[in-house]
Amino acid sequence: VADTTLTRELTQNPLKKIWVPSSTNGLPERYISQRKVCMTNCPTLIVTVGLPARGKTYISKKLTRYLNWIDVPTKEFNVGQYRRECVKIYKSFEFFRPDNEEGLKIRKQCALAALNDVRQFLTDEGGQVAVFDATNTTRERRETILRFAEQNGFKVFFVESVCEDPDVIAENIVQVKLGCPDYTHCNTEDAVADFMKRIKCYENSYQPLDEELDRDLSFIKIIDVGRRYLVNRVQDHIQSRIVYYLMNIHITPRSIYLCRHGESDLNIKGRIGGDSGLSARGKEFAKALGQFIQSQNIRDLKVWTSQMKRTIQTAEALGVPYEQWKALNEIDAGVCEELMYEEIQQKYPLEFALRDQDKYRYRYPKGESYEDLVQRLEPVIMELERQENVLVICHQAVMRCLLAYFLDKTAEELPYLKCALHTVLKLTPMAYGCKVESVCLNVDAVNTHRDRPSNVDVSRLPEEALLTVPDHH
Amino acid sequence: MKGMPRELTQNRIQKIWIPSKDDKPSMPRTSHGGPHLANPPTVIVMVGLPARGKTYISRKLTRYLNWIGIPTKVFNVGEYRREAVKHYSSYDFFKSDNEDAVKIRQQCALAALRDVKTYLTEEEGQVALCRAEQILTAIFFIESVCDDPNVIACNILEVKVSCPDYQDCNKTDAMEDFKKRIECYRMNYQPLDPDQYDKNLSFIKVIDVGRRFLVNRIQDHIQSRIVYYLMNIHVQPRSIYLCRHGESQHNLQGRLGGDSGLSTRGRKFAGALAKFVKEQNLKDLKVWTSQLRRSIQTAEALNVPYEQWKALNEIDGGVCEEMTYEEVRERFPDEFALRDQDKYYYRYPSGESYQDLVQRVEPVIMELERQENVLVICHQAVMRCLLAYFLDKSADEMPYLKCPLHTVLKLTPVAYGCKVESISLNVEAVNTHRDRPDVRPSTLIRRNSVTPLTSPEPNKKPRIEGLDDTIIREVTPTQLTLCTASHTTLALSTQVSHSYCVISSLHNPVVTY
């Protein structure tokens, strides 16, 4: 006789289409979980280490952006910010002199205030990773942090940046220090001179992470902007992902161009998904794209497409080699593939409403969600980080995901980012972020952007649901 | 080139859109999507004293690279030596003042390097313009440094004592001789020096079995993936259990795919699995399922926490989802035949191929490497992919590996490979395995035939319908012999300080020209 061992009944969550036990048998929900990047209950504290102008804040911000994008709630805590709150007006490097007792006291208080906020974020606010961005150049300071982490049950991972190349340091200062609030009232020469003296204040007491003395700590030492790495005692999956990410990023200037395929036959009909070819206007766009790329005179441009006909046709018009990535395929709309929004409302009104309620997490029946897309696109992002000049010809939902990564958009904003047909976005890393230039290639196309309607309730009328559907033939 | 975009046709097996040529079909030079790119071939050189895990790392890395689609081969100089010197007498052979032996060892290294060159160049029908001792390529060194006597003793016992050199010896003598062998090397050992001598080389130094790593000058994507892989593997003893969900409703009806629940017998299996898992008495077992109902239902019976991975979902049958094989044969006879023609590369219309599956499942493999005891409750095609990775099966074999319902495979890493135990839980189930057909179907209806049948060439697949049916192979870009400034030449030095050579061949760019 079949022993069913009290299997709990499963129901499928209507939004994410995940099978979960229905809570009738009293067994706790925590029992099952989705595979996430961070599978432990132990939050991680990432601690930067290094002299000023070694890229610690650059790394902190970039890493935070990446982790948030792959759905690991992360926040950075920049001690310099706390200090600026505390000491309203920055006078000079004297504040940082090792014999400035008053300065030392304030700086210590700021560090502790930041750690306090870290604790709140990781313990009370559901944060999984906190990046503690400060010089942390002495063993003593790092000991304090380790004790703090131990008391609170956080894992610690140090990220040290070591660099003695004067050109790199000078470039850092120009790119990010001169424009910082400390130096708004200064001229360039004075600011640079002051900052160099500031660095000097730290140099004498700097105790870099040491292979022997710090052999029990978990850390990565980044040497000369990624020429070399020393990695010690990676404890878990998230640290391993962080190390992999840090080893793939670079700071060589370059641009990333994102655009969609040219207008397709299904676009014109207002249908989603499918694998149709370009319309006449779409072909025109492809030609215009070719001309645009030529005019940009880009060095060693790599061109990537999805494996769908419309992106490949677009790339073909460029007359240059291109690579097809299945990972860049448009979001799979499952049972809704090739339907018009009006048809989706008619056949699946519940699905249509659920999607408006939580567009990021909503998974089409037998299809994908934006959340799934991000997971699928992560290797593309990793490779984009490795590359230099790249043109990515992709699709609306995919482009939104990629854009959200570069522009640090939240899960809520992501599915509504505007990615119009026949428009190229040129992204150029700058300082701590990304400059965006939007270039419209002046070839008409339908609008495929559907805003969130005000009524997302399941009980809404069809007209309310279809209010924001863009025009089509 | 610009202006008139080339027409596209969809390759019938892989469903890849490629430019079609007007006259005769030429070999398309695109391939599937994936991490890419026009990398020159890579030669990986292992460095380190004996018993530091070099062969272990070489073999494991080679297995991983081949599985993700990068043709890789190991050239083990020790094996060349065993060929040359039929009988090993003692560690005296390795003394640095043994002139005859030194000569033999150098010749072996040279022979190995020549074979490396052949593998990289002539396999693709191109001859590199280079001298025998020099190969223009990307070189990546992997050094294993370890001074923990326990680890070393353990290595010697596990793999050295049973090697052909010591077949006539008892364990103790073998151990002693091997330790003296190590000493012969130690005197001349020059570890990679990142600060001075070797600062321009690309390498990873693995210290103390992965406690620490020093990584220098990663040049490209492949090297970055190799480093990531090496940082995730470990040598802790553990077991990986692979099984499929219990028999499902669709299984009973002979339907593919879908998201049905367990049949009665499937539920019985789930119960039996729970009992089995308990009996294994494992420390900290992780249980992973897909997001499909049948695998989750199976896990539910275990009454332990489990994690759902979308990446473990069964292969997407696209338009064939939920059909029986008979229905597929009726409604899509060409597709049915094409799948049998090349099951690994074949992609269901609007679905996936085994090749796609490998890419999808790779993060699961990476995490399995990090983990210890894990039970993976998945599906037939997925399980075949995972199994092929652990048992080093080729793309050709993978889609035909036997993964019956209601059977658990227990994989335990041992020496250089994996021990497999197959445990049937004695609950009846349908058989869902379709063997490789004996005869390649030649009765396809010829539609849109572009060329007449060509006579089959040796070692090539018979062309049935011309361009459309050929598999798009991963192809070497023609700039194989170009070298850029960033690549170093490997000149054979007289000091044979490296004992093994692993080759990683070219990587498959998916480039359309």
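Please read these numbers as outputs of a predicted model, since none were measured by experiment.

This part takes up the overall build of chain B. Along chain B, the regular secondary structure elements total 13 helices and 17 strands. Per-residue burial over chain B gives 56% buried out of 513 residues. When contacts within chain B are restricted to residue pairs at least 6 apart in sequence, long-range pairs at least 24 apart make up 71% of them. Summed over its atoms, the accessible surface of chain B is roughly 22900 Å², and 50% of this surface lies on carbon and sulfur atoms.

Across its full length, chain A holds 15 helices and 15 strands. Out of the 473 residues belonging to chain A, those deemed buried represent 57%. Pairs at least 24 apart in sequence give 69% of the contacts found in chain A among residues at least 6 apart. Carbon together with sulfur atoms contributes 50% to the accessible area of chain A, which is approximately 20500 Å² in total. Taking the average place of the 64 positive charges on the side chains of chain A and the average place of its 67 negative ones, the gap between the two points comes to 1 Å.

Listed by partner, the interface residues are 67 residues for chain B and 65 residues for chain A. The interface formed by chain B and chain A holds 3 salt bridges in total. Of the charged contacts in the structure, one is a salt bridge between A:R228 and B:D195, with a shortest N-O distance of 3.1 Å. Taken together, chain B and chain A are joined by 22 residue pairs in polar contact (both at pLDDT 80 or more).

All names here are of chain A. According to UniProt, the positions carrying the feature "active site" (unreviewed entry) are H261 and E330. The annotated residues occupy 70 residues of the chain but converge on a single region, no pair of C-alpha atoms lying more than 10.7 Å apart. For H261, the location among the structural elements is in the loop between β10 (256-260) and α8 (265-268). The topology assignment puts E330 in the loop between β12 (322-324) and α11 (341-347). Residues contacting E330, with those up to four places away along its chain left out, are M308, R310, E368, R376, H395, Q396, A397 and V398.

Residues and elements named next belong to chain B. The feature "binding site: substrate" (unreviewed entry), as annotated in UniProt, sits at R244, H245, G246, E247, S248, Q249, H250, N251 and R294 in this numbering. Their sequence span is 51 residues, while the largest C-alpha to C-alpha distance among them is just 14.1 Å; these annotated residues converge on one region. Within the fold, R244 resides in strand β9 (residues 240-244). In this structure R244 comes out as buried when scored by relative accessible area, which is 2%.

The next subject is the confidence of the model for chain B. Residue and element names in this part refer to chain B. Across chain B, the average pLDDT comes to 79, with 77% of residues at or above 70. Every residue in residues 22-38 is under pLDDT 50, and counting partners more than four places away or in other chains gives 64 contacts. Model confidence for the complex is summarised by a pTM of 0.88, with the ipTM given as 0.93.

For the rest of this paragraph, the subject is the packing of helix α12 (residues 354-370) of chain B against helix α13 (residues 380-391) of chain B. Residue and element names in this part refer to chain B. At their nearest, the axes of α12 and α13 sit 9 Å apart, and the two run at 60 degrees to each other. Relative to α13, α12 is oriented oblique. Crossing angle aside, the handedness with which α12 passes α13 is right-handed. Contacts from Y354, L357, V358, V361, V364, I365, L368 and E369 in α12 reach A381, V382, R384, C385, L386, Y389 and F390 in α13. Here the residues of the contact of α12 with α13 sort into 13 nonpolar, no polar and 2 charged.

Another point: the packing of helix α5 (residues 166-177) of chain A against helix α6 (residues 188-203) of chain A. Residues and elements named next belong to chain A. Packing of α5 against α6 leaves a shortest axis separation of 11 Å and a crossing angle of 120 degrees. Judged by the inter-axis angle, α5 sits oblique to α6. At the point where α5 passes α6, the crossing takes the right-handed sense. Of α6, the residues touching α5 (which contributes I169, I173 and K177) are V192, F195, M196 and I199. Per-class residue counts for the contact of α5 with α6 are 6 nonpolar, no polar and 1 charged.

Residue and element names in this part refer to chain B. Assignment of secondary structure puts L282 in the loop between α8 (264-280) and β10 (286-289). It is 9.4 Å that separates the C-alpha atoms of L282 and R238, two residues lying 44 residues apart in sequence. Those residues in contact with L282, other than ones at most four positions away along the chain, are Y241 and N373.

What follows covers the pattern of salt bridges. Residue and element names in this part refer to chain A. For the structure on display, the rule yields 52 salt bridges over all chains. In this structure, E385 and R254 form a salt bridge, with 4.0 Å as the shortest nitrogen-oxygen distance. Here R254 lies in the loop between α7 (237-248) and β10 and E385 lies in helix α13 (residues 370-386), a separation of 131 residues in the sequence. The buried category is assigned to E385, whose relative accessible area is 1%. For R254, a relative accessible area of 8% corresponds to the buried category.

All names here are of chain A. With respect to the helices, strands and loops of the structure, R271 is situated in the loop between α8 and α9 (280-296). By relative accessible area, R271 is classed as partly exposed at 24%. On a C-alpha basis, the gap between R271 and T252 in space is 41 Å, while along the polypeptide they are 19 residues apart. Ignoring anything within four residues of it in the chain, the contact list for R271 reads L266, E338, L339, M340 and E343. Looking at R271, its side chain comes within polar contact range of the main-chain oxygen of E338, at 2.8 Å.

Quick notes on the rules
- Within any chain, residue numbers begin from 1 and follow the written order of that chain's sequence.
- To read the labels, note that chains go from A and ligands from 1, taken in the order they are written.
- Side-chain atom pairs in this predicted model are given and counted only at pLDDT of 80 or more, local residue features only at pLDDT of at least 70, and totals for whole chains, interfaces and linings cover all residues.
- No hydrogens and no water enter the side-chain calculation; it runs on all heavy atoms of the structure.
- Runs of E in the DSSP output that reach at least two residues are strands. Runs of H or I that reach at least four are helices, and both are numbered from the N terminus.
- Note on classification: 1.4 Å probe, protein chains only; a residue is buried when its accessible area is under 20% of the maximum for its type, exposed when over 50%, partly exposed between these limits.
- In what follows, a contact means two residues having at least one pair of non-hydrogen atoms within 4.5 Å.
- Using a 1.4 Å probe, the Shrake-Rupley method yields the accessible areas, and only the shown protein chains count as cover for residues.
- Counting rule applied: Lys, Arg positive; Asp, Glu negative; His and chain ends not counted.
- The atom standing in for a charge is NZ when the residue is Lys, CZ when it is Arg, CG when it is Asp and CD when it is Glu.
- Definition used for salt bridges: Asp or Glu carboxyl oxygen within 4 Å of a side-chain nitrogen of Lys or Arg.
- Whenever two N or O atoms come within 3.5 Å, that pair is a polar contact, provided that in protein one can donate a hydrogen and the other can accept it, and provided that, for residues adjacent in sequence, both atoms are side-chain atoms.
- UniProt positions are given in the numbering used here, feature names are shortened, and annotations may be inferred rather than shown by experiment.
- The predictor attaches a confidence to each residue, called pLDDT, with possible values from 0 through 100.
- Orientation is described by lines fitted to C-alpha atoms, with helices fitted over the stretch in contact, and by angles between N-to-C directions that extend from 0 to 180 degrees.
- Angular relationships are summarised with four words: roughly parallel below 35 degrees, roughly antiparallel beyond 145, roughly perpendicular across 65 to 115, and oblique for the angles in between.
- Two helices that cross are described as forming a left-handed crossing if the nearer one is turned anticlockwise from the farther one by less than a right angle, and a right-handed crossing if clockwise.
- Under the scheme applied, nonpolar residues are Ala, Val, Leu, Ile, Met, Phe, Trp, Tyr, Cys and Pro; charged residues are Asp, Glu, Lys and Arg; polar residues are all the others, including Gly.

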